[in-house]
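What follows is each chain in one-letter form.
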Amino acid sequence: MDKKFYVCSFGGSGSYLIQGFLKDFGSSYHIHTRKPPAKITKIKKEQFTTQEELDHANHFVIFIYSRPDHSLFSRASYGNFHWQNIGVEQEKLKLIPSRQERLKYFDMEKDLVDFDEFWSNYVFHKSEFPVLCLNFHHLWENLKSLFDFCEIPLKHLKSFPKKREFSHKNNLPKDKNNLFETLNLKIELFPNSFIIPAK
């Protein structure tokens, strides 16, 4: 039976990388749903729907996340289209600085995207399916966890894309992280790879 992989993220966290790799082992979906459903559902336009999947076998849900400052500097994860796709409220869109002025986001009094809420929705969510949570910054150290969870033979480890440096890593001044201090601390305190069991 064909496996189905659901790679969930708030963007800028390597989700396309994982989803593209998993295509060789089944059907893989790139998901931006802000709050996961209680049961596996069908997918439409990168979102879980309300239509439940009747067959619950061979479904694998992965939540990959990064520090928000990393996400905000991803080319594909900044702009109104992306914000709407990850469930940012309409009235907040006009308050978010433009792509060209994204550094101003870090000077805001409130995280309008609410990365913390998105992260917490997955990490503390109880559903009828297990979820593998992965810290993107330590992904390559935890590939075995990904392969074991997805029931992929370890002989395929060598075909996983190699880690590379990201061009924006030095763009963010060190004193610009206070907006995400609480979430970054949570991310540091949690294991870099862990499974939320099905309820």
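Right, let's walk through the structure included here.

### A word on the sheet that holds strand β1 (residues 4–8)
For step 1, the next point in the chain: If you trace the five strands from one edge of the open sheet to the other, you get β2-β1-β5-β6-β7, paired in mixed fashion. Lying at the two open borders of the sheet, with one neighbouring strand each, are β2 (27–31) and β7 (193–196). For this sheet, the mean inter-axis angle between neighbouring strands, taken without regard to orientation, is 20°.
For step 2, the next point in the chain: Relative to strand β6 (residues 131–135), strand β5 (residues 59–65) is paired through five bridges, and the arrangement is parallel. Following the sheet pairing, Ile64 is matched in β6 by Leu134.

### Considerations on unusual backbone geometry
For step 1, the next point in the chain: For Glu46, which is not glycine, the phi torsion reads 65° and is therefore positive.
For step 2, the next point in the chain: Examined against the element boundaries, Glu46 turns out to sit in the loop between β3 (41–44) and β4 (47–52).
For step 3, the next point in the chain: By relative accessible area, Glu46 is classed as partly exposed at 21%.
For step 4, the next point in the chain: The phi dihedral of Asn58 falls on the positive side, at around 60°, and the residue is not glycine.
For step 5, the next point in the chain: With respect to the secondary-structure elements, Asn58 resides in the loop between β4 and β5.
For step 6, the next point in the chain: On the basis of relative accessible area, Asn58 is assigned to the partly exposed category, the value being 26%.

### Examining the pattern of salt bridges
For step 1, the next point in the chain: For the structure on display, the rule yields eight salt bridges.
For step 2, the next point in the chain: With a closest N to O distance of 2.7 Å, Glu117 and Arg34 form a salt bridge. With Glu117 in helix α5 (residues 115–123) and Arg34 in the loop between β2 and β3, this residue pair connects regions lying 83 residues apart in the sequence.
For step 3, the next point in the chain: Given the relative accessible area of 12%, Arg34 is considered buried.

### Considering the pairing of β6
For step 1, the next point in the chain: Buried residues dominate β6, accounting for five of its five residues.
For step 2, the next point in the chain: Burial of β6 is two-sided: the residues Val131, Cys133 and Asn135 facing one way and the residues Leu132 and Leu134 facing the other way are all buried.
For step 3, the next point in the chain: With four bridges connecting them, β6 and β7 associate as antiparallel partners. By the bridge assignment, Leu132 is partnered in β7 with Ile195.

### Topic: the nonpolar core
For step 1, the next point in the chain: Ranked by size, the top nonpolar core spans 34 residues in total, and within it Phe63, Trp83 and Tyr105 carry the most contacts.
For step 2, the next point in the chain: With five residues, α5 is the single largest residue contributor to this core.
For step 3, the next point in the chain: Among all residues touching Phe63, those that are not within four sequence positions of it are Cys8, Ser9, Phe118, Trp119, Tyr122, Val123, Val131, Leu132, Cys133 and Leu134.

### A few points about the packing of aromatic side chains
For step 1, the next point in the chain: In total, this model carries 26 aromatic pairs according to the counting rule given.
For step 2, the next point in the chain: Pairing Phe63 with Tyr122 gives two aromatic rings, centres 4.5 Å apart and planes at 10°, and the pair type is stacked. Here Tyr122 lies in helix α5 and Phe63 lies in strand β5, a separation of 59 residues in the sequence.
For step 3, the next point in the chain: Aromatic side chains Trp140 and Phe160 sit 6.2 Å apart centroid to centroid with 70° between the ring planes, which places their arrangement in the edge-to-face category. Note that Trp140 is positioned in the loop between β6 and α6 (143–149) and Phe160 in the loop between α6 and α7 (181–189), a separation of 20 residues in sequence. The pair Trp140 / Phe160 is uniform in exposure class, with both members buried.

Conventions and cut-offs
Residues numbered from 1 in each chain as written. Predicted model: local features only at pLDDT ≥ 70, side-chain atom pairs only at ≥ 80, totals over all residues. Heavy atoms only, no water. Pairing = 2+ DSSP bridges. Helix = DSSP H or I, 4+ residues; strand = E, 2+ residues; numbered from the N terminus. Axes fitted to C-alpha atoms, helices over the stretch in contact; angles between N-to-C directions. Buried < 20%, exposed > 50% of the residue type's maximum accessible area, 1.4 Å probe, protein only. Salt bridge = Lys/Arg side-chain N within 4 Å of Asp/Glu carboxyl O. Core = buried A, V, L, I, M, F, W, Y, C linked by side-chain atoms within 4.5 Å. Contact = heavy atoms within 4.5 Å. Phe/Tyr/Trp six-rings, centres within 6.5 Å; stacked < 30°, edge-to-face > 60°.

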